[in-house]
Amino acid sequence: MDQSVVIEHPELLAALRRVLPAGALLTMAEDTQPYECDGLTLIRQRPMAVALPVTEGQVAEVLHLCRAFGVPVVPRGAGTGLAGSALPHAGGVLLSLARFNRILAVDGPARTATVQPGVRNLAISEAAAPLGMYYAPDPSSQIACTIGGNVAENSGGVHCLKYGLTLHNVLRVRGYTMAGEAVEFGGLALDAPGLDLLPLVIGSEGMLAVTTEVTVRLVPKPQLARCIMASFADVADAGDAVAALIGAGIIPAGLEMMDQAATRLVEPFANAGYDLDAAAVLLCESDGTPEEVDDEILRMTDVLRGARATRIQVSRDEAERLLFWAGRKNAFPAAGRAAPAYYCTDGTIPRKHIGTMLRSIQDMERRYGLACPNVFHAGDGNLHPLVLFDDADPDSVARAEAFGAEILEESVRLGGTVTGEHGVGMEKLNQMCSQFDEPSLAAFRGVKRAFDPDGLLNPGKVVPTLHRCAEYGRMRVKAGNLPFPELPRF
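Only a predicted model underlies this, so the values are computations on that prediction, with no experimental measurement involved.

Here's the deal with the packing of aromatic side chains
Then, number 1: Counted according to the given criterion, the structure contains five aromatic pairs.
Then, number 2: On the basis of an interplanar angle of 35° and a centroid distance of 6.3 Å, the ring pair of Phe-185 and Phe-451 is categorised as tilted. Remark: Phe-451 occurs in helix α16 (residues 438-451) and Phe-185 occurs in strand β9 (residues 182-186); sequence separation between them is 266 residues. Taken as a pair, Phe-185 and Phe-451 share a single burial class, namely buried.

Set out below in structure tokens:
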């Protein structure tokens, strides 16, 4: 097999080699293949080249040169994203920020850390630990995912209910536009001059600028944390318990749910001590001073009992608390052992519809002939269904894609949204057509043009074209308004 890619822009590649260090431009197929997809393995595409800059000046030069040649650029972090946001462009350059991996400063008095985008999420907390602080957003992939990717997707984590998403924990983002111009969003002051564009760039999935530096907010480590594991005989009861906790004015540090299929999936993997007879399990965490935690644990226990919990177990020590969470955080690796492949999407629904959604997913399991354990951030209704399938079987792949599409369509129908923290990428373009009308999509395209008038930075993602929406609408009508396997997902 030919081990080289077709070089359509030899002059560009020669120019890139002049500005990048030796070995920092990959063009051979065997070198670019590891970059052919992110965590969404259903779609793959090798790039023309992979650039691995080590300085901001090199990033600016790569962008400037690619724009001059009219060549698309796709930014990439660790590649743990699950929506295809980092899928390469076949005729473009994939810009990896993996070598931007330095923690630049940890400021204890200011409670901030300034880092490069290739720094792992967990590494920030490890660096801040000697000061008694940590970085709150904690996605399950935190041992591998990078802060640049977290900024691109507005990632959350199991403690996002109390401490917020990436958006609520980032103070400043520095980067470069497709033209190679430096831009900065937010700042270290309480308010930044001019328009507040920080919330715009966080979650923009690499469409507006390439991040090169991030300043995050650090929070003090709580004196104590304890976790309740509550069992329920019915998923609807667990959903009602979530609503009851929030309705009682309690904001747990973490509030996660797993259905029976999920607990039975992860227990052999994590040995977390889950109740395998329960239809659903809630993990409810409290943190703060010992007095605050004792009071909140008592209040949550009363609410959970009133919501028909069949069993309540409170972590006895820190080791048991971490064990409770180990099962939840290892759901994805456990799914990888249970099936050849899994597909995880992340629609978000109103909390009151959790039971309805889980029953709908059970019906989908029967219709599509695929298992789907469910783990999700119950506190904010962010679903993480794990559709198990065989990626070597085209029919199984088609059914998995259709299964995921129907979950997203149902999320919209229930008054929710197609994504909570994974982003849209390539995965959810069709469902963007379902959620937003054309004037809204036109406004999104206008924002993109303001930052990237040539449409070269991560093109073809997040915001669907008018033609795509029209075609998707016709196919849905033809299929009886249901996302059948034959519908074009990607």
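What about the environment of Gln-362?
Then, number 1: Structurally, the position occupied by Gln-362 is in helix α13 (residues 354-368).
Then, number 2: For Gln-362, a relative accessible area of 35% puts it in the partly exposed group.
Then, number 3: Considering only alpha carbons, one finds Gln-362 and Asp-395, 33 residues apart in sequence, at a separation of 20 Å.

A look at the pattern of salt bridges
Then, number 1: Taken as a whole and assessed by the stated rule, the structure comprises 27 salt bridges.
Then, number 2: For Arg-321, the salt bridge is made with Glu-285, and the minimal N-O distance between the two is 2.9 Å. Of this pair, Arg-321 sits in helix α11 (residues 318-329) while Glu-285 is found in strand β14 (residues 280-288), placing the two residues 36 residues apart along the sequence. For the pair shown, Arg-321 and Glu-285 are each scored as buried.
Then, number 3: Several salt bridges share partner residues, and in doing so they unite Asp-363, Arg-366, Arg-367 and Glu-406 into one network.

Some thoughts on the confidence of the model for the protein
Then, number 1: Taken as a whole, the protein shows an average pLDDT of 94; of its residues, 97% reach a score of 70 or greater.
Then, number 2: A low-confidence stretch, residues 1-6 stays under pLDDT 50, and its non-local contacts, those more than four residues away or across chains, total 13 contacts.
Then, number 3: pLDDT under 50 marks residues 484-490. Its contacts with residues more than four places away, or in other chains, come to 28 contacts.

What counts, and where the lines are drawn
Residues numbered from 1 in each chain as written. Predicted model: local features only at pLDDT ≥ 70, side-chain atom pairs only at ≥ 80, totals over all residues. Heavy atoms only, no water. Phe/Tyr/Trp six-rings, centres within 6.5 Å; stacked < 30°, edge-to-face > 60°. Helix = DSSP H or I, 4+ residues; strand = E, 2+ residues; numbered from the N terminus. Buried < 20%, exposed > 50% of the residue type's maximum accessible area, 1.4 Å probe, protein only. Salt bridge = Lys/Arg side-chain N within 4 Å of Asp/Glu carboxyl O. pLDDT = per-residue confidence, 0-100. Contact = heavy atoms within 4.5 Å.

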